[in-house]
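# Overview (structure and organization)
Listed below, chain by chain, are the residues.
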Amino acid sequence: MLRGTSSANAAAQKSSHKQLNTNIKGTRMANKYKIIYDREACIGAFACAAAAPDMWLFADDGKADLKTATFNPATKKWELIIDEADYDDNQAAAEACPVYVIKIVKIDENGNEIEEKKEE
Ligand code: SF4
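Residues numbered from 1 in each chain as written. Predicted model: local features only at pLDDT ≥ 70, side-chain atom pairs only at ≥ 80, totals over all residues.

## Quick look at the overall build of the protein
Using the following cut-off: Secondary structure elements follow DSSP: runs of H or I of four or more residues count as helices, runs of E of two or more count as strands, with numbering from the N terminus. Contacts are defined on C-beta atoms placed from the backbone: any two residues whose C-beta positions lie within 7 Å are in contact.
When you go through the protein residue by residue, the secondary structure sums to 3 helices and 6 strands. From first element to last, N terminus to C terminus, the protein shows the α and β order α-β-α-β-β-β-β-α-β. Long-range contacts, defined as pairs at least 24 residues apart, comprise 59% of the intrachain contacts of the protein with a sequence gap of at least 6.

As structure tokens, this is what we get:
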């Protein structure tokens, strides 16, 4: 009986340890994303601002501004790195945009785009 209990405890400890490793790995490997915004093609519908009002703002020229984004002269698009915590709201903004000018890509620690694996 004792042996069974001990074995059960060992299994529980192993499971707990496994969970801890997952959590540590999850923290270390926190997902990062890059919003790529083609402001030139924005038609000022402001669905983005409705979906993520903390990030998307009305600008005087009738287009949306992505708060704290920087302009990439090579692509002529605005870019902003975000954490997992800001992903859902901005993904909702991207999906709400009627002209699909907001793109969100997953990036690695060097800022390179990560290809999402397709399900088979
Ligand atoms: S939803 Fe799209 S088109 Fe409308 S303001 Fe936002 S970025 Fe521009």
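What follows continues from the structure just given.
## Side note on the site of the ligand
Operational definition: Should the C-beta atom of a residue, placed from the backbone, lie within 6 Å of a molecule or strand, that residue is near it. Under the grouping applied here, Gly and all other residues not named as nonpolar or charged are polar, the nonpolar ones being Ala, Val, Leu, Ile, Met, Phe, Trp, Tyr, Cys and Pro and the charged ones Asp, Glu, Lys and Arg.
In the region of the ligand, 14 residues are neighbours, and C42, A45, C48, A64 and C97 sit closest. Taken together, the residues that form the shell around the ligand break down as 12 nonpolar, 1 polar and 1 charged.

## Overview of the sheet that holds strand 1 (residues 32–37)
Within a sheet, neighbouring strands are paired by backbone hydrogen bonds and run either parallel or antiparallel to one another. What counts is decided by this rule: Two strands pair under a simple rule: DSSP has to find at least two bridges between them. Note on method: axes are straight lines fitted to C-alpha atoms, helices fitted across the in-contact stretch only, with angles between N-to-C directions ranging 0 to 180 degrees.
Spatially, 4-5-1-6 is the arrangement adopted by the 4 strands of the open sheet, whose pairing is antiparallel. Two strands bound the open sheet, and with one partner strand each, they are strand 4 (70–72) and strand 6 (102–107). On average, each strand axis in the sheet is tilted by 35° relative to the strand beside it, whichever way the strands run. Here strand 1 runs beside strand 5 (residues 77–83); their pairing, made up of 6 bridges, is antiparallel. Note on strand 5: the bridge partner recorded for I36 is E79. Sitting on the sheet, helix 3 (residues 87–96) is in contact with strand 1, strand 5 and strand 6, with an inclination near 145° to strand 6.

## Some details on the pairing of strand 1
Relative to strand 6, strand 1 runs antiparallel, the two being bridged by 6 bridges. Across the sheet, Y37 pairs through a bridge with I102, a residue of strand 6.

## Details of the nonpolar core
Threshold: Take the buried Ala, Val, Leu, Ile, Met, Phe, Trp, Tyr and Cys residues, join any whose C-beta atoms are within 7 Å, and the set you get is a nonpolar core. Residues are called buried when their C-beta atom has 20 or more other C-beta atoms within 10 Å, exposed when it has 12 or fewer, and partly exposed otherwise; all C-beta atoms are positioned from the backbone.
Counting residues in each nonpolar core, the largest one holds 18 residues, and the members touching the most others are Y37, C48, W56, A93 and I102. Of all the elements in the fold, those that place two or more residues in this core are strand 1, helix 2 (47–51), strand 3 (64–66) and helix 3. The biggest single contributor to this core is strand 1, with 4 residues. Residues within four places of A93 in sequence aside, it is in contact with C48, A51, A52, W56 and I102.

## As for the environment of D86
The topology assignment puts D86 in the loop between strand 5 and helix 3. Residue classification places D86 among the partly exposed residues on the basis of 17 C-beta atoms within 10 Å.

## Points about helix 3
Rules: Directions from the helix axis toward the C-beta atoms define the arc.
Residues of helix 3 that are buried include every one of N90, A93 and A94, and no others. In an axial view of helix 3, the angular spread of the buried residues amounts to 100°, which keeps them on one side of the axis. Tucked into the core, helix 3 has its buried residues touching strand 1, helix 2, strand 2 (56–58), strand 5 and strand 6.

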